[in-house]
Every structure is written in structure tokens, then in C-alpha cells.
Amino acid sequence: MQAAIVTGVSRGLGAALAAELLERGFTVLGIGRASNPALERASYAFARFDLADAARVDEALTPAFSRLAARKPASVCLLNNAATAGPVGTLGRLASSEVTSALMVNLAAVVTLTNLFCRVFADPAMARRVINVSSGAAQNTLPGEGVYCVAKAGMEMLTRALAAEQQAANFRAITVRPGVIDTDMQVFARSHSPEVLPSVELFKGFHRDGRLVAPAIVASKIVARLVVDDVEHGRTYSYQEL
Ligand SMILES: NC(=O)c1ccc[n+]([C@@H]2O[C@H](COP(=O)([O-])OP(=O)(O)OC[C@H]3O[C@@H](n4cnc5c(N)ncnc54)[C@H](OP(=O)(O)O)[C@@H]3O)[C@@H](O)[C@H]2O)c1
């Protein structure tokens, strides 16, 4: 049995990744605030969890992770996909509570989930993989989206930290920058005024120029190239490479 754990399965890329994995015969554990009815079947389980509660990952998710590990899958892949694009605004205009909440979802929960994954799926016979869904925002500044950029940069360092620590031949940690996807996150980004989000024109341009790719297309490329195929430990993959 091949297993995958996907965060943020309610919509967008996460829903498409879970659907693609189920279609290919994977057993999938979805994690998030809400599931997606289209994913329901025997090979799908859902653990309800608000990733803003990152400090509670161990107590809340150890049972679901352990149930999956007890089935001794031949391979298991954690896809850290869930994220929020908020809070939007330049530094000086943000509420501390929104900054910390976003960092919990986009960074702290990614680290605590990965930590739990490494602890529970410790069997060296099992092929293990962590895929961190990042963004070009890890490298390029986006004025008004600084908190998101900080989290994605941190997430990419997590991939590198894992690659340095996890030396088993069947453990792989990678980052994917999935390109621009036609999801609610893009709708949200282009809905702001330039006063609040100085980089809004970039997002409007993606939409206007027809550059947004359907989530199902991105998901099928990620699964085929990065979940199923061999990958290079610690590497960052761009959409163009999929
Ligand atoms: N869209 C793009 O163009 C683009 C570009 C580069 C990178 N990415 C990355 O791709 C990934 C998927 O993005 P997307 O476009 O699919 O975003 P999306 O449509 O906004 O979906 C985000 C997902 O994350 C979940 N999520 C958000 N906050 C959560 C929380 N507190 N607890 C649990 N789940 C939470 C959402 O669940 P709820 O329904 O409960 O909110 C939803 O399932 C993200 O990592 C994003 O940074 C996207």
C-alpha cells in the first residue's frame, strides 16, 4: 500500500493533489479545517485540525499518523500544502495576531507536522518523502505579502535541514514551487487595492494574461514527477521542471 498525507484538502491544489493520489490508488489522509466531499471513499481518511494550532500537532494528530503507520505502507509521502496568503499589507500596517496566526499555518505547523512525520514513520524499511509546497515568494519579495514570503523562505530551509539530517537512502525531502494556479488564493491576492498590496498588479497580470493553470493539471504533474518518480534529496523543483 502507498500512502500520502495532504494538508489543506478542502479546495485548491490540496483537493486536486488528494484526488489525483486517490485516483492512482494511494491511501490518503487529509488534514485541515474541512474536508472535500468529492474525496470520500474507503481509501480516504480525514483528520480535522486547524493548522493555526501548530503547537497541538502532536496530541491532535499522533493517533491518525500512528493508525496509518500501523498499516505498514510501502511508501508514505507528506505533502505540506495548506497555506494562507494573509495577512496582506506592508509592515507597519499589520496586526500582530494576524502575523502570528499566518506564521503558525504557513511555517510552524509545517515544521511540527514534519517533526511528527519523522517520529512516527521511523521504520527504515518504509520509503518516506516530504514535499514542501513553496512559492517563488520564497526568493522574490512581494511588497504587501512579506509574511507569506518569510514563511515560504523558512519552509525551503526546512527541506534543506531535512536533507542534511535524514541520510537514509529511502528518505527524500524536496521543495516544489508550483507556479501560478487558478485557485482562491489568486482571487484573494488580486482583490486588494495597490495601497494595501503594492504588488497587486503582478497577480492581476497572471489572470489577465491567462497564465493561471488549473489545479488538476498542476496536481497531476506534481504526483507523477515528485511523488511517484525518483527525486533529488533537498532539491527545489519549479513548475517548469515538472
Ligand atoms: N495559487 C497559486 O498561484 C500558488 C502559487 C504558488 C504557491 N502556492 C502554494 O500552493 C499551496 C496551495 O495553495 P492554493 O492556491 O490551493 O490555496 P487555497 O486555494 O487558498 O487553499 C488553501 C488550503 O489551505 C487550507 N488552510 C488555510 N488555512 C488553514 C488552517 N488554518 N488550517 C488548516 N488548513 C488551512 C485551506 O483550508 P480552508 O478551506 O479551511 O481555508 C485550503 O484547503 C499553498 O502552499 C500556496 O502557498 C499557490
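Residues numbered from 1 in each chain as written. Predicted model: local features only at pLDDT ≥ 70, side-chain atom pairs only at ≥ 80, totals over all residues. Heavy atoms only, no water.

**Observations concerning the sheet that holds strand β7 (residues 236-238)**
Then comes step 1: Taken in spatial order, the seven strands of this open sheet run β3-β2-β1-β4-β5-β6-β7, and their pairing is parallel. Only two strands of the sheet have a single neighbouring strand rather than two, namely β3 (44-48) and β7. Neighbouring strand axes in the sheet, compared pairwise and without regard to direction, differ in orientation by 20° on average.
Then comes step 2: Pairing geometry for strand β2 (residues 27-32) and β3, over five bridges, is parallel. Pairing of Gly30 across the sheet is with Phe46, part of β3.
Then comes step 3: Against the sheet, helix α1 (residues 12-23) engages β1 (2-7), β2, β3, β4 (75-80) and β5 (127-133), with an angle of about 170° to β1.
Then comes step 4: Packed onto the sheet, helix α2 (residues 57-70) meets β1, β2 and β3 and runs at close to 170° relative to β2. (Pairing = 2+ DSSP bridges. Helix = DSSP H or I, 4+ residues; strand = E, 2+ residues; numbered from the N terminus. Axes fitted to C-alpha atoms, helices over the stretch in contact; angles between N-to-C directions. Contact = heavy atoms within 4.5 Å.)

**A word on the site of the ligand**
Then comes step 1: As a structural note, the neighbourhood of the ligand is formed by 29 residues, with Ser10, Arg33, Asn81, Tyr148 and Thr183 the closest of them.
Then comes step 2: A distance of 2.6 Å is found between an oxygen atom of the ligand and a side-chain nitrogen or oxygen belonging to Arg33.
Then comes step 3: About the coverage of the ligand: the protein hides 93% of its 890 Å² of free accessible area.
Then comes step 4: Among the secondary structure elements, those contributing two or more residues to the shell around the ligand are α1, α4 (146-165) and α5 (184-190).
Then comes step 5: Partitioned by chemical class, the residues of the shell around the ligand number 14 nonpolar, 10 polar and five charged. (Near = heavy atom within 4 Å. Polar contact = N/O pair within 3.5 Å; in protein donor to acceptor, adjacent residues only side chain to side chain. Areas by Shrake-Rupley, 256 points an atom, 1.4 Å probe, with all protein chains shown as cover. Nonpolar A, V, L, I, M, F, W, Y, C, P; charged D, E, K, R; others polar.)

**Thoughts on empty space enclosed by the protein**
Then comes step 1: Applying the stated criterion across every chain yields a total of one cavity of 30 Å³ or more.
Then comes step 2: Considering only enclosed or pocket space, the largest cavity measures out at about 30 Å³ in volume.
Then comes step 3: Lining the largest cavity, in full, are Thr7, Leu51, Asn80, Asn81, Ala82, Val105, Ala109, Val110 and Leu113.
Then comes step 4: Here the element with the most residues in the lining of the largest cavity is helix α3 (residues 96-120); it accounts for four residues.
Then comes step 5: Each residue belonging to the lining of the largest cavity can be placed in one class, and the counts come to six nonpolar, three polar and no charged. (1 Å grid on protein atoms, 1.4 Å probe; cavity = no way out; pocket = protein on both sides within 12 Å on 5 of 7 lines; lining within 4 Å. Points joined across faces, edges and corners; volume = space filled by probe spheres on them.)

**Section: α1**
Then comes step 1: Over its 12 residues, α1 runs 17 Å from end to end, which matches the ideal 16 Å to within 8%, given 1.5 Å per residue.
Then comes step 2: For α1, a buried count of nine out of 12 residues is recorded, marking the element as mostly surrounded by other parts of the structure.
Then comes step 3: Packed against the buried residues of α1 are β1, β2, β3, β4, β5 and α7 (215-228).
Then comes step 4: Remark: Gly25 follows α1 within two positions and exhibits a positive phi of approximately 95°. (Expected span 1.5 Å × (residues − 1). Buried < 20%, exposed > 50% of the residue type's maximum accessible area, 1.4 Å probe, protein only.)

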